[in-house]
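If you want the building blocks of each chain, they are given just below.
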Amino acid sequence: GAVVSQHPSWVICKSGTSVKIECRSLDFQATTMFWYRQFPKQSLMLMATSNEGSKATYEQGVEKDKFLINHASLTLSTLTVTSAHPEDSSFYICSAPVGGANTGELFFGEGSRLTVL
Amino acid sequence: AQRVTQPEKLLSVFKGAPVELKCNYSYSGSPELFWYVQYSRQRLQLLLRHISRESIKGFTADLNKGETSFHLKKPFAQEEDSAMYYCALSGGYGNKLVFGAGTILRVKS
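Residues numbered from 1 in each chain as written. Chains lettered and ligands numbered in written order. Predicted model: local features only at pLDDT ≥ 70, side-chain atom pairs only at ≥ 80, totals over all residues. Heavy atoms only, no water.

Engineer: Hey, could you run me through the sheet that holds strand 7 (residues 60-61) of chain B in this one?
Structural biologist: Either a parallel or an antiparallel arrangement is found when strands of a sheet pair, and the pairing is made through backbone hydrogen bonds. Pairing is antiparallel across the open sheet formed by 3 strands, whose spatial order is 3-8-7 (chain B). At either margin of the open sheet sits one strand with a lone partner, and together these are strand 3 (19-21) and strand 7 of chain B. (Pairing = 2+ DSSP bridges. Helix = DSSP H or I, 4+ residues; strand = E, 2+ residues; numbered from the N terminus.)

Engineer: Just to check I follow, could you spell out the state of the cysteines for this structure?
Structural biologist: A covalent bond bridging the sulfur atoms of two cysteines is what the word disulfide describes. A full pass over the atoms with the stated rule returns 2 disulfides over all chains. Residue pairing for cysteine 23 of chain A: its cysteine sulfur links by disulfide to cysteine 94 of chain A, the two sulfurs lying 1.9 Å apart. Its S-S torsion of approximately 80 degrees makes the covalent link between cysteine 23 of chain A and cysteine 94 of chain A right-handed. A residue pair is termed long-range when its members are at least 10 positions apart, and cysteine 23 of chain A in strand 3 (residues 19-25) and cysteine 94 of chain A in strand 9 (residues 90-97) qualify at 71 residues. Note that cysteine 23 of chain B is cross-linked by a disulfide to cysteine 87 of chain B, the S-S spacing being 2.0 Å. On the sign convention where negative is left-handed, the bridge of cysteine 23 of chain B and cysteine 87 of chain B, at about -65 degrees about the S-S bond, is left-handed. (Disulfide = S-S within 2.5 Å.)

Engineer: Just to check I follow, could you spell out unusual backbone geometry for this structure?
Structural biologist: Excluding glycine, residues mostly have negative phi values, and the peptide bonds linking residues are mostly trans. Omega for the bond connecting histidine 7 of chain A with proline 8 of chain A falls within 30 degrees of zero, at 0 degrees, which places this linkage in the cis form. Within the secondary structure layout, proline 8 of chain A lies in the loop between strand 1 (4-7) and strand 2 (10-13). At lysine 57 of chain B, a position not held by glycine, the phi torsion is positive, near 55 degrees. Considering the arrangement of structural elements, one finds lysine 57 of chain B in the loop between strand 6 (45-49) and strand 7. Look at lysine 57 of chain B and you get partly exposed, because its relative accessible area is 48%. Unusually for a residue other than glycine, threonine 68 of chain B sits at a positive phi of about 45 degrees. (Buried < 20%, exposed > 50% of the residue type's maximum accessible area, 1.4 Å probe, protein only.)

Engineer: When you look at the layout of surface pockets in this model, what are you seeing that I'm missing?
Structural biologist: It is a probe the size of a water molecule, rolled over the atoms, that shows where empty space is left. Its volume calculated, the largest pocket comes out at about 540 Å³. Grouping the constituent residues of the lining of the largest pocket by class yields 11 nonpolar, 7 polar and 5 charged. When its volume is computed, the second largest pocket comes out at roughly 270 Å³. Lining the second largest pocket are 13 residues, and of these Leu46 and Glu59 of chain A together with Gln2, Leu97 and Val98 of chain B sit closest to its centre. Every element with two or more residues in the lining of the second largest pocket is listed here: strand 5 (44-51) of chain A together with strand 10 (98-99) of chain B. No other element matches strand 5 of chain A, which puts 3 residues into the lining of the second largest pocket. Residue classes in the lining of the second largest pocket are distributed as 8 nonpolar, 3 polar and 2 charged. (1 Å grid on protein atoms, 1.4 Å probe; cavity = no way out; pocket = protein on both sides within 12 Å on 5 of 7 lines; lining within 4 Å. Points joined across faces, edges and corners; volume = space filled by probe spheres on them. Nonpolar A, V, L, I, M, F, W, Y, C, P; charged D, E, K, R; others polar.)

Functional significance is not addressed by these values, which are geometric in nature.
Written out as structure tokens, the structure reads:
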């Protein structure tokens, strides 16, 4: 089946630095990808919709200058956490729809755990 | 506003017992509802969707618009059903999903 892969799986960085997380669709093309954030023991919160070749659509309350999203190709979306602070520590998960269909069926990446010291 | 509520954080049952994971939603339009599951050390994956009206791994879920519910049921729980279960809602924006808080199902032997 289709696979979505994230890299890195975990990252530790110092406060004030920027971190990039990649999300790749390995055997299918994804014009849209979704970025979620998950706090411990809480649900997935949709951060933004990544659109290939155009600007990402951010959810209310998500700082677009803080969380930069780039979707430069049909198989790669990146999330860059800029000037990271300890409160940005979280589990970030990306997903992509199956075959581009509007079915609500998403393939999820394995997630990337960010720890900001 | 779209909202999904899963009232139970943890549901613990014995093997062979019936299981019902509750999900209620809030949406003014015609919703599409899903159950996603995350097994230990695995990624989140789709379990079933209400449109398909299918049974997956013995689980079923019926959309009750009157009660705005989409409870997940299985008549006889198995140990391998132990996982985190998320109810999710798509409110007309295609693949954009709103997730509930999740319920941990623990099936004891």
